[in-house]
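Residues per chain, in single letters:
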Amino acid sequence: MRGRETMPQYAILIYEKELPGGVADIPPEVMEANMSAGEKIAAMGATVVNEQGLEPAATARTIRKGGLVTDGPFLETKEVLAGFFVVEAADLDTAIAIGKLLPIMDGAVEVRPVLGV
C-alpha cells in the first residue's frame, strides 16, 4: 500500500494591529469568518497542518545576536504577528487563495513556502 503523496506546505502568517481587549474585541463577523475558513480550505483540496493564535506581543521575547534577550517583538510596525497556519496545498496560487479567505481588520496576510517540504 502506497503512502499518501504530500503536497507542498505554505506558512500563512496573519498580521494585525493589537486590540486593547485582545480576542474579546474582535468583531463577531470576523470571528465567524475565521471559524468557517476551515471548511472553505478543505473544499479547495488543501489541508490545515497546524493552526495557532499567539498571545499578545507584550508576552514576546526577542533574542538578539550575542544572546541578549529583550521584552517584546520590537518590530518597526503597527501590526504584530497574531497567528499562523501551515497548510498543504497544490501550489502557491492555492495557498494565496487560502490567505485571501482570512478576514483582515487592519493588517495583512503573508504566504510563504515552507523550506524543504
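Small disclaimer: the values here were computed from a predicted structure and weren't measured.

## What to know about the pattern of salt bridges
When charged atoms on two side chains of opposite charge get close, those side chains can pair. Counting across every chain of the model gives two salt bridges. One salt bridge in this structure joins Asp106 and Lys17, with 3.1 Å as the shortest N-O distance. Residue Asp106 is found in the loop between α2 (92-101) and β6 (108-113), and its partner Lys17 is found in strand β1 (residues 9-17); the two are separated by 89 residues along the sequence. A salt bridge links Glu110 to Arg112; the nearest nitrogen and oxygen atoms lie 2.3 Å apart. Judged by relative accessible area, Glu110 falls into the partly exposed class, the value being 24%.

## Some thoughts on the sheet that holds β6
One open sheet accounts for four strands, arranged β2-β5-β1-β6; its pairing is antiparallel. In this open sheet, the two strands that pair with only one neighbour each are β2 (47-53) and β6. Taken pair by pair, the neighbouring strands of this sheet meet at an average axis angle of 20°, ignoring direction. Bridge analysis of β2 against strand β5 (residues 79-88) gives six bridges, and the strand direction is antiparallel. Within β5, the residue paired with Glu51 across the bridge is Phe85.

## Quick word on the nonpolar core
Membership of the largest hydrophobic core is limited to twelve residues, which are Tyr10, Ile12, Ile14, Ala37, Ile41, Ala46, Phe85, Val87, Ala89, Ala95, Ile98 and Leu102. Going through the elements one at a time, β1, α1 (28-43), β5 and α2 are the ones with two or more residues in this core. In this view, Leu102 contacts Ile12, Ile14, Asn34, Ala37, Phe85 and Val109; residues no more than four positions away in its chain are not counted.

## Some thoughts on the pairing of β5
Bridge count between β1 and β5: nine bridges; the pairing is antiparallel. For Leu13, the partnering residue across the bridge sits in β5 and is Phe84.

## Looking at α2
Turning to α2, its buried residues number three or more, namely Thr94, Ala95, Ile98 and Gly99. The buried residues of α2 occupy an angular sector of 145° when projected down its axis, which confines them to one face. Opposite the buried face of α2, at more than 90 degrees from it, the exposed residues are Asp93 and Lys100. In this structure, the buried side of α2 is in contact with β1, α1, β5 and β6.

## Digging into the side chain of Glu88
As for its placement among the helices and strands, Glu88 is situated in strand β5. A polar atom in the side chain of Glu88 sits 3.3 Å from the side chain of Gln9.

## Considerations on α1
Counted at 1.5 Å a residue, the expected span for α1 with its 16 residues is 22 Å, and the 23 Å between its end C-alpha atoms agrees. Taken as a whole, α1 carries its principal kink of about 35° at Ala37. Among the residues of α1, Val30, Ala37 and Ile41 are the ones counted as buried. Structurally, α1 contributes buried residues whose contacts are with β2 and α2. Looking one or two residues past α1, Gly45 carries a phi angle of roughly 85°, positive in sign.

Basis of the calculations
- Residues numbered from 1 in each chain as written.
- Predicted model: local features only at pLDDT ≥ 70, side-chain atom pairs only at ≥ 80, totals over all residues.
- Heavy atoms only, no water.
- Salt bridge = Lys/Arg side-chain N within 4 Å of Asp/Glu carboxyl O.
- Helix = DSSP H or I, 4+ residues; strand = E, 2+ residues; numbered from the N terminus.
- Buried < 20%, exposed > 50% of the residue type's maximum accessible area, 1.4 Å probe, protein only.
- Pairing = 2+ DSSP bridges.
- Axes fitted to C-alpha atoms, helices over the stretch in contact; angles between N-to-C directions.
- Core = buried A, V, L, I, M, F, W, Y, C linked by side-chain atoms within 4.5 Å.
- Contact = heavy atoms within 4.5 Å.
- Arc of directions from axis to C-beta.
- Polar contact = N/O pair within 3.5 Å; in protein donor to acceptor, adjacent residues only side chain to side chain.
- Expected span 1.5 Å × (residues − 1).
- Bend = angle between axes of the 7 residues up to and from the residue.

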